[in-house]
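# An overview of the molecular structure
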Amino acid sequence: MCCDLKRRFLLLYATQKGQAKAIAEEICMQAGARGFEADMHCISEMDKYNLEGEKDPVVIVISTTGTGDPPDTARKFVKKIQDKNLPPDHFAHLQYGLLGLGDSEYTFFCNGGKTVDRRLQELGAQHFYDTGLADDCVGLELVVDPWIDGLWLALKKVFLLQKEKEGMSNDVSAVSSTLSAAARVGHELNLSSEIQNLKLEDKGDASSDVSSQKPVDINLLASARDTDPSLVHSVPPISQAALNIPVLPPEYIEVQFQDTPGENPHPSILFSEGTTFKVPVTKAVQLTREDAIKTALLLELDIANTAFDYQPGDAFCVICPNSVSEVEELLHILGLSERGERFLCVKVKEGTKKKGASRPQHIPERSTLKYILTWCLEIRAIPKKAFLRALVEYTSNAGEKRRLQELCSRQGNSDYTRFIRESNVCLLDLLRAFPSCKPSLNLLIEHLPKLQARFYSVSSSNLYQPGKLSFVFNVVEFPACPSRPVSRKGVCTGWLAELVAPLLHPNKNILFMKEGSPPTEEISIFARPNNTFHLPSDPSVPFVMVGPGTGIAPFIGFLQHRQKLREEHTDWHFGETWLFFGCRHHDRDYLFKDELRCFLENGTLTHLKVCFSRDSSTAEGASPKYVQDILRVYAKEVARVLLKDSGYFYVCGDKKHMADGVSDAVVDILSMEMEVDKLEAMKMLAMLRETKRYLQDVWS
């Protein structure tokens, strides 16, 4: 390849939680090592690039959020390219490759990437490289790594064709032979990498991108008799393999402690998604009995003195901190316990090799160390392979160092998935398991993602309870496992439960703030409206609600709203309402039992069907255990609502263990009642989804 040939490409990323950005940065690093120039920008920075005039190839990495939406950073871009006035050849000059990120546990897998890909095609853009769709359910790296590997040869071909068009070669056969030469170059690069694999990293060169070590006894933390692999222990063949490990990311952050005092910013400034409101908790109720398997809490917030507005079915976000005890432990392991309250200045390291390096937006320029670890960084995040690669350089024990190399290597993909991804291992777990690993503070700031606000479905109606907002959640529990010997609660649900625990009445498990008394606790929230998961605009349209467990939350808001409308508009005609609810035990976790009975008695709720999966049936024959089972019992009624009455169907709750089963049940119902095969029934369900009459608010 001629060294004077321009090899720039535009690299755009659209991220919600940092995944797409991290992958784009990996592409950028590899590009520099391979002689390309990646001009990288967030897709929202439309003032820094111009696709309409772009002549070089474009690489796009884009995630998916919500129920198949592009990430927030891509909203303006998507709106721009979806302009119906754009001609079909608007991007005819554009050559691009797209990598979409998603989770197959959700219905609209990689829909953010698919939306952009489809629209670019409609506007005349051409692929120079096949679209990749990576699945976070099984591990993004299974698609991401080979997609990046294949990108370089595809780019080489683009630049060689550009060279031909510019008249640098008029001989077609010469171009053909050049292409063959490019393929040979690619092969030689791969061969070169394989040869490098055989070199020992005996000096620990921090700049090496591929390394290998002689097999060593990495079983320094486990019994010599242990023949099973674990987080800290490997077995052949990986323990004896030469390893392909990621490029070492260049460090780019510099941290300086300061003696001058100051004031930490309010955590709300870390979020640009919308106006943040600090609101008091006015009521807390434990909805489940003490012996229930899961603890469900309802919190009521006072939003009367704010501009916060919502509709039943909307979601909102809670800004939460990391666990105090986990922050303290992390400071202790890092040897920084005495400096937690000291202010520090965070800036870009002078002379860094990281292109376009900047201080992460979620890190204040000046704050205390404890503030950064508490409010800014997701210390519970599952470490990416690039982070593991960087941690290798801060690990002194040879066995621990080798094991970290294995876990971040291509050969260690299955171990990484099993012992880190599936075990929900976080930084603290790694530092406990590999005690000789002592990372620098700047490394944590570089690699830990932003601490995200947590989404919750609204379980109230502003019409029914003006100035109030309620939500329901299970206190998430992560039991201990071999890779993570410490049990823990969810970051936000654990914090909220701890926050209201002293306020709950010891007998009735309920808190009401007394009239006129100042609220004890406050939390910060911001709106996250749902554009589709709302009541039908026509109140005469019937609808079915399926919400086991805390999935019932938005439907309480639906029913409150419907009851108030019935009271205010006695002359209106209201369609029938069905609720299918399920829980484990009738007397332990039947959420909102009294409220549902009232809705049923006053006619707001027409039909209530409930099942209990763990209660033994005393009636003849087996009772339905799950909501999908009860749906099948009422197949004719469900089909009538959907097909004859053009009604709506809402599902809220767990995706993997419930929503998919409900979807399958609806397909069976449609197939049976329409007297068609399953394929036709699936097409009908797809049509219901497309027309926004089959709606889901689900989580994994």
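Residues numbered from 1 in each chain as written. Predicted model: local features only at pLDDT ≥ 70, side-chain atom pairs only at ≥ 80, totals over all residues. Heavy atoms only, no water.

As annotated in an unreviewed UniProt entry, the chain carries the name Methionine synthase reductase and comes from Cairina moschata. UniProt lists a comment for the chain under the heading Subcellular location (unreviewed entry), and it reads "Cytoplasm". (UniProt positions renumbered as here; feature names shortened; annotations may be inferred.)

### Points about the overall build of the chain
Assigned secondary structure in the chain consists of 19 helices and 23 strands. In the chain, which comprises 700 residues, the proportion classed as buried is 52%. Of the contacts made within the chain by residues no fewer than 6 positions apart, 78% connect residues no fewer than 24 positions apart. (Helix = DSSP H or I, 4+ residues; strand = E, 2+ residues; numbered from the N terminus. Buried < 20%, exposed > 50% of the residue type's maximum accessible area, 1.4 Å probe, protein only. Contact = heavy atoms within 4.5 Å.)

### Here's the deal with helix α8 (residues 385-392)
Burial within α8 is extensive, with 7 of its 8 residues counted as buried. Within α8 the residues assigned to the buried category are Lys385, Phe387, Leu388, Arg389, Ala390, Leu391 and Val392.

### A look at the pairing of strand β14 (residues 468-474)
The element β14 is largely enclosed, with a buried count of 5 among its 7 residues. Across 7 bridges, strand β9 (residues 296-302) lies against β14 in antiparallel orientation. Residue pairing in the sheet places aspartate 302 in a bridge with lysine 468 of β14. (Pairing = 2+ DSSP bridges.)

### Topic: the pattern of salt bridges
As enumerated under the stated definition, the model contains 39 salt bridges in all. In this structure, arginine 410 engages aspartate 149 in a salt bridge whose closest nitrogen and oxygen atoms are separated by 2.7 Å. Here aspartate 149 lies in helix α4 (residues 141-165) and arginine 410 lies in the loop between α9 (398-408) and α10 (413-421), a separation of 261 residues in the sequence. Taking the relative accessible area as the measure of exposure, arginine 410 reaches 41% and is therefore partly exposed. (Salt bridge = Lys/Arg side-chain N within 4 Å of Asp/Glu carboxyl O.)

### Quick notes on the packing of aromatic side chains
Applying the stated criterion across every chain, the model contains 28 aromatic pairs. Centre to centre, the rings of phenylalanine 543 and phenylalanine 558 are 6.4 Å apart; their planes meet at 90 degrees, and the pair counts as edge-to-face. One end of the pair, phenylalanine 543, is in strand β19 (residues 543-546); the other, phenylalanine 558, is in helix α14 (residues 553-568), with 15 residues separating them in the sequence. Across the pair, exposure class does not vary: phenylalanine 543 and phenylalanine 558 are buried alike. On the basis of an interplanar angle of 20 degrees and a centroid distance of 6.2 Å, the ring pair of tyrosine 648 and tyrosine 650 is categorised as stacked. Under the relative-accessibility criterion, tyrosine 650 is labelled buried at 0%. Three or more aromatic residues link up through ring pairs in this structure, and these residues are Phe533, Phe543, Phe555, Phe558, Tyr648 and Tyr650. The ring centre of phenylalanine 36 lies 4.1 Å from the NZ or CZ of arginine 7, which sits over that ring. (Phe/Tyr/Trp six-rings, centres within 6.5 Å; stacked < 30°, edge-to-face > 60°. Lys NZ or Arg CZ within 6 Å of the ring centre and 35° of its normal.)

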